[in-house]
Amino acid sequence: MPKHGLDSEEVTEPPSKCAKSEFASSASQGLALESATSVQIPSVYANTKWTLDTIGKARPPLPEILDPAMKKAALTHPGNAHSDPLASYERLEWIGDAYLELIASSFIYQTFPTLSAGKSSQRREMLIRNTTLGEFSVHYGLDKMADIPEEFKVEGRVGGTSASQKMRVKILGDLFEAYVGGVILSDPAHGVQRASDWLKALWGPLMAEYIREEEKKATRPEQKQSASGQTMEPKTVLEATIGAKGVKIEYKDIPSKNLKDRGTKLPLFAVGCFLTGWGETNLQLGYGTGLSKKEAGRKAAQVALDNKKLIKKFADKRAEMKAAREAQLQQAGVTFPLKGKPST
């Protein structure tokens, strides 16, 4: 089988002794790097969801790449690999990038079961973008272990130019992706699980705020269910609790003061929940922010529901009005069906 992309027809002369030595060394390394005969495919359901209890305060230790040749390649910039694609991190970075996206997706899918695809993608991007991965590379010292051109290092090339900050971040992100690829491919039996456990602990603190919100949402008594068993939206619950004829609940945009999401750094919308009725005019019941107006409105409704004292006040008025209306209808000769009995 030809190695390094060479066909047998392309070799017209026997290589020199020096060339034989170089080729043998490169081929030996190539065989080591290609020792994993199949790419491991992790299951979306193999990774358990994040919980606040699983998030540690300290970052986990760096797992080992079990194949020395593969580890060397994972830490070698293509520019320092003498045009040998198997001697640099180029291929490992490519497969590592795919693994990172799939593993991050599996954790997000398990942890946030009702999150939309768009928001899931935003949170995944927060975990796998170059700025995040580059910071991990610096934390573990991959930049100091790596064989990369001087201009890409923090101090730059002595007496020469230094690469832009954007390029440095890209190189650091590539190093981390390649290292993940090396951890997985060098351990066909347990590589995916080792990498997943490591990344779960490493990414957990970045997701803590979202996980806390998810766990709080799951324990709220206001998360009522419809007849079909689906969880009802806070807006629907609020309307059913204090809404009535002549009572208006509105959701209006309010100044967001240039707020940005802590994780994605995207601008946030701000929405207020306002009540007109029950003796009130344009009373603000709640306030919420989100990456969309719909999300911000949902949070505003939930904040309103969490104000139990105020909601009870309006719910009692609603109950009083309903009772008074039923009394009027009964006086008019209209009767109401009792449970299990037909109406008159």
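Up top is the structure these notes are about.
Each chain has its residues counted from 1, following the order in which its sequence is written. Totals for whole chains, interfaces and linings use every residue, but because this is a predicted model, local features are given only for residues with pLDDT of at least 70 and side-chain atom pairs only at 80 or more, for both listing and counting. To obtain the side-chain values, all non-hydrogen atoms of the structure were used and water was disregarded.

Examining the pattern of salt bridges
To keep it simple, the criterion reads: Salt bridge, as used here, is a side-chain nitrogen of Lys or Arg placed within 4 Å of a carboxyl oxygen of Asp or Glu. Secondary structure elements follow DSSP: runs of H or I of four or more residues count as helices, runs of E of two or more count as strands, with numbering from the N terminus. Three exposure classes are used, based on accessible area relative to the maximum for each residue type with a 1.4 Å probe and protein chains only: buried under 20%, partly exposed in between, and exposed over 50%.
Under the criterion given, the structure shown has 13 salt bridges. As a salt-bridge pair, Glu135 and Arg59 come within 2.8 Å of each other at their nearest N and O atoms. In this pair, Glu135 is assigned in helix α5 (residues 130–140) and Arg59 in the loop between α1 (17–33) and α2 (68–74), connecting sequence segments 76 residues apart. Residue classification places Glu135 among the partly exposed residues on the basis of a relative accessible area of 38%. The exposure class of Arg59 is partly exposed, given its relative accessible area of 34%. Salt-bridge contacts for Lys299 lead to Glu213; the nearest nitrogen and oxygen are separated by 4.0 Å. Separated by 86 residues along the polypeptide, Lys299 in helix α10 (residues 293–306) and Glu213 in helix α8 (residues 191–219) bring together distant segments of the chain. Relative accessible area serves as the criterion here: at 32%, Glu213 is assigned to the partly exposed category. A cluster of three or more residues bridged by salt bridges with shared partners is formed by Lys119, Glu213, Glu295, Arg298 and Lys299.

Some points on the sheet that holds strand β1 (residues 248–253)
Basically, it comes down to this: In short, DSSP must find at least two bridges between two strands for them to pair. Helix axes are fitted to C-alpha atoms over the stretch in contact, other axes to C-alpha atoms as well, and angles between N-to-C directions run from 0 to 180 degrees. The contact definition used throughout considers only heavy atoms, calling two residues in contact when any of these lie within 4.5 Å.
Pairing is antiparallel across the open sheet formed by three strands, whose spatial order is β1-β2-β3. Strands with a single pairing partner mark the edges of an open sheet, and in this sheet they are β1 and β3 (280–290). Shown here is a sheet whose adjacent strand axes are inclined to one another by a mean of 25°, direction ignored. For strand β2 (residues 269–277) and β3, the ladder comprises eight bridges, and the chain directions are antiparallel. From the neighbouring strand, Leu275 faces β3, where its bridge partner is Leu283. This element, α10, spans β1, β2 and β3 of the sheet and lies at about 120° to β3. Helix α11 (residues 308–331) rests against β2 and β3 of the sheet, and its axis sits at about 135° to β3.

Comments concerning the environment of His190
Along the chain, His190 falls in the loop between α7 (165–185) and α8. For His190, a relative accessible area of 52% puts it in the exposed group.

Observations regarding the nonpolar core
Note that soluble globular proteins tend to have their nonpolar side chains buried in a common cluster. Where we set the bar: Joining through side-chain atoms within 4.5 Å is the link that ties buried Ala, Val, Leu, Ile, Met, Phe, Trp, Tyr and Cys residues into a set, and such a set is a nonpolar core.
Of all hydrophobic cores here, the largest spans 44 residues; its most connected members are Trp50, Leu100, Leu127, Phe176, Trp198, Trp203 and Met207. At the level of elements, α2, α3 (90–111), α4 (117–128), α5, α7 and α8 are the ones that each hand at least two residues to this core. It is α7 that contributes the most residues to this core, 10 residues altogether. Setting aside residues no more than four positions away along its own chain, Met207 makes contact with Trp50, Phe112, Arg123, Met126 and Leu127. If you look at the next biggest cluster of nonpolar residues, it comprises 16 residues, including Ile249, Leu275, Trp278 and Phe314.

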